[in-house]
Amino acid sequence: MKNFLKYLSLGLLSTFLTATPGLSAERISFFYPPFGEFSLPVDSLANFAKDGKIDPDLQFYAQRATPEQLAQLREFLQQRFNVTPTLVSQVTYSPIGEQVLQRLGEIVQTDSRRNGFYALRSALILSATNPEGLSLVNILRNFPSTNVRLNFSEGLRIVDDLSQLTRTRDRVVASLQQEAIAQTLVSQENLSQLPDLRSPGKFRWQIATFTLNDPQRNSASTDLSVRRLPVDLYLPQTTTDTQEQQPFPLIVISHGIASDRYSFIYLAEHLASYGFAVAVLEHPGSNAKRFERYFAGLAGPPEPREFIDRPLDIKVLLDELQRLEQSDPRLQGKLNFQQIGAIGQSFGGYTVLSLAGAKINFDQLNEDCDPDNSSLNVSLLLQCEANQLIPQDYQLQDSRIKAVIAINPITSSIFGEPGISQIQLPVMLVAGSQDIFAPPVPEQIRPFTWLSNPNKYLALIDNATHFTLIEDSPSGSNVLPVPSGLLGPDRTAAYSYLNALSVAFLQTHLLNRPEYRSYLHPSYAQSISKPPLNLSILQSLNAEQLTQFAGNRE
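Residues numbered from 1 in each chain as written. Predicted model: local features only at pLDDT ≥ 70, side-chain atom pairs only at ≥ 80, totals over all residues. Heavy atoms only, no water.

### Some points on the state of the cysteines
Logical step 1: For the structure shown, the criterion picks out 1 disulfide.
Logical step 2: Cys369 shares a disulfide with Cys384; S-S distance 2.0 Å. When the S-S torsion is -95°, as for the bridge of Cys369 with Cys384, the disulfide is left-handed. In this pair, Cys369 sits in the loop between helix H14 (362-368) and helix H15 (379-383) while Cys384 sits in the loop between H15 and strand S12 (401-407), placing the two residues 15 residues apart along the sequence.
Logical step 3: Residue classification places Cys384 among the buried positions, given a relative accessible area of 14%. (Disulfide = S-S within 2.5 Å. Helix = DSSP H or I, 4+ residues; strand = E, 2+ residues; numbered from the N terminus. Buried < 20%, exposed > 50% of the residue type's maximum accessible area, 1.4 Å probe, protein only.)

### Some points on unusual backbone geometry
Logical step 1: The omega torsion of the bond from Pro531 to Pro532 falls at 5°, within 30 degrees of zero and hence cis.
Logical step 2: Within the element layout of this structure, Pro532 appears in the loop between helix H20 (522-528) and strand S15 (535-538).
Logical step 3: A positive phi angle is found at Ala258, which is not glycine, with a value near 60°.
Logical step 4: By the element assignment, Ala258 lies in the loop between strand S9 (248-254) and helix H10 (265-273).

### Digging into the packing of aromatic side chains
Logical step 1: One pass over the full model with this rule turns up 14 aromatic pairs.
Logical step 2: Measuring from ring centre to ring centre gives 5.7 Å for Phe347 and Tyr350, while their planes differ by 40°; the resulting arrangement is tilted. In this pair, Phe347 and Tyr350 are both assigned in helix H13 (residues 347-356), 3 residues apart and thus about one turn of the helix distant.
Logical step 3: On the basis of relative accessible area, Phe347 is assigned to the buried category, the value being 2%.
Logical step 4: Through a chain of ring-to-ring contacts, three or more aromatic side chains come together here, namely Phe307, Phe347, Tyr350 and Phe415.
Logical step 5: It is Arg310 that lies over the ring of Phe347; its NZ or CZ is 4.4 Å from the centre.
Logical step 6: It is Lys456 that lies over the ring of Phe448; its NZ or CZ is 4.7 Å from the centre. (Phe/Tyr/Trp six-rings, centres within 6.5 Å; stacked < 30°, edge-to-face > 60°. Lys NZ or Arg CZ within 6 Å of the ring centre and 35° of its normal.)

### What about the sheet that holds strand S14 (residues 456-461)?
Logical step 1: Spatially, S7-S8-S10-S9-S11-S12-S13-S14-S15 is the arrangement adopted by the 9 strands of the open sheet, whose pairing is mixed. Looking along the sheet, the strands with just one partner apiece sit at the ends: strand S7 (204-214) and S15. When the angles between neighbouring strand axes are averaged without regard to direction, this sheet yields 20°.
Logical step 2: Taken together, the 6 bridges between strand S11 (residues 335-345) and S12 define a ladder with parallel strand orientation. Within the sheet, the bridge partner assigned to Gly344 lies in S12 and is Ala406. (Pairing = 2+ DSSP bridges. Axes fitted to C-alpha atoms, helices over the stretch in contact; angles between N-to-C directions.)

### What to know about the packing of helix H12 (residues 306-327) against H13
When two helices pack together, their arrangement is captured by the angle between the axes and the distance separating the axes.
Logical step 1: Packing of H12 against H13 leaves a shortest axis separation of 9 Å and a crossing angle of 65°. Classified by the angle their axes make, H12 and H13 are roughly perpendicular. Remark: the crossing between H12 and H13 carries right-handed chirality. Contacts between H12 and H13 pair Glu306, Phe307, Arg310, Pro311, Ile314 and Lys315 from the former with Phe347, Gly348, Tyr350, Thr351, Ser354 and Leu355 from the latter. (Parallel < 35°, antiparallel > 145°, perpendicular 65-115°, else oblique. Left-handed = near helix turned anticlockwise from the far one by under 90°. Contact = heavy atoms within 4.5 Å.)

### Some points on empty space enclosed by the protein
Logical step 1: In total, this model carries 4 cavities of 30 Å³ or more according to the counting rule given.
Logical step 2: Estimated volume of the second largest cavity: approximately 50 Å³.
Logical step 3: For the second largest cavity, the full set of lining residues is Ser354, Gly357, Ala358, Lys359, Ile360, Tyr394, Leu396 and Gln397.
Logical step 4: Classifying every residue of the lining of the second largest cavity by side-chain character gives 4 nonpolar, 3 polar and 1 charged. (1 Å grid on protein atoms, 1.4 Å probe; cavity = no way out; pocket = protein on both sides within 12 Å on 5 of 7 lines; lining within 4 Å. Points joined across faces, edges and corners; volume = space filled by probe spheres on them. Nonpolar A, V, L, I, M, F, W, Y, C, P; charged D, E, K, R; others polar.)

### A look at the environment of Ile445
Logical step 1: Looking at where Ile445 falls in the secondary structure, it is placed in helix H17 (residues 440-450).
Logical step 2: Given the relative accessible area of 0%, Ile445 is considered buried.
Logical step 3: Each C-alpha atom, one on Ile445 and one on Leu176, is 9.6 Å from the other, the two residues being 269 residues apart in sequence.
Logical step 4: Those residues in contact with Ile445 that lie beyond four places of it in its chain are Val172, Leu176, Pro440, Leu458, Leu541 and Leu546.

### What to know about H12
Because each turn of an α-helix spans 3.6 residues, side chains separated by three or four positions in sequence point in the same direction.
Logical step 1: For H12, spanning 22 residues, the distance from its first C-alpha to its last is 31 Å, which sits close to the expected 32 Å at 1.5 Å a residue.
Logical step 2: Most of H12 sits inside the fold, with 16 of its 22 residues counted as buried. (Expected span 1.5 Å × (residues − 1).)

### Describing the pairing of S9
Logical step 1: Counting buried positions over the 7 residues of S9 gives 7, a clear majority of the element.
Logical step 2: As defined by bridge partners, S9 adjoins S11 across 7 bridges and the pair is classed as parallel. What sits directly across from Ser254, in S11, is Gly344.
Logical step 3: Bridge analysis of S9 against strand S10 (residues 277-281) gives 4 bridges, and the strand direction is parallel. Within the sheet, the bridge partner assigned to Ile253 lies in S10 and is Val280.

Below you can see the structure in the form of structure tokens.
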């Protein structure tokens, strides 16, 4: 009974509250054999959220919880989200949104014990009309049933699965950190005389802005007759001392879903200061503007075609820059098309890996995207959208790209081992231990073992989330509000890690300057690591080691 109540207070309620985000109706009821049926008035939770008071109904559960657990529960209940009913409607009617609600509906059921899919969607939309913002209590009170019945057995299974996944992740992360420390202890690297790559380089730069057109792709995904690609090119400026370093190697940066070309300004500026020309583009089918129109009800959801269009955007960008380099005085003689690297985050990580040679794996998608699959890997929902494409061998690789950095990429099902193993270029994968949207073990750490090229690196940032390495928009507005808890600790240190590692990786593997290899050694990561965002680098890891690290329970 004690463990049951602990799961209720910590696991089931917190899982339900954070996932919906909200509760419903007059009472919450749940049946847990062999102990029978339990219930709790919604008003008990509402009053607890408002003033912290625990009435007799809530006391039965509260006395089994720790003060920290109660504080966490109250924080969940108090969370409010300033989102419009239109936005909530668009999300919950989208293919991915419907899948999430269907899975939640197996846990959160109506009074007649039916799947709560429609009731949850209605409650979410109605709650968003509240002037105070969408909240857990508002969702409870808008739930169209006198009782919210929780399928406790299913909820407990999910809590157990989450707990096991979390324990496995923590074991793997701790083991990788220990492995990196062990390599540091035997290292012969002398780091004392190395320049600090976290500091800016000697180049100044200017930004040239272009809007490139691709009339060959007339797609409803952009609501335009021509696919237009906004591009900012950070171009180093030469002086008498640096004139001989032209033309400059070219780096392309691909943003994540619902983001834009401002997400990595800090990285573009840093690379430009080291003599790299940096082209940062926007993918019009999945950028922030596209999602703003979608959430406002002015466009349909992004299409599965984005898995193809995004790599093609990069190809068009390179083609157009090569053309402009012959005619635009700002670019003439400035760009080295023999030295091109690509960096991408999240969906952008998928994009650059496909350009590096990873192929879409439809067999893996068919296996993993079964409707009955109850995987808790959130990124799988996005990857499964690619299963709507016509299965064929899409030619997305671009031989002009010689090295890639993929930050929080999605890889496990869209590529699988057969797809990732086809990459023959130098690759750096960057993972955050607390990333719940592209979980590090299935999406970066295990795929790292599939890479066949010996020039591979895994950069692991402890306590980093999916958003740690993304810069805030200059306008201060985000398409989707991100709760502070998902942003993680102060991101300044993580920015400096990515700045330094990107320069070192590109100097080593794009410009063939072996003197920069020392920066890619675990001892260097250890030397610049600052808690709580501790940095580790590994250059080798195999499947057997990973299984051992995971405790044989992967």
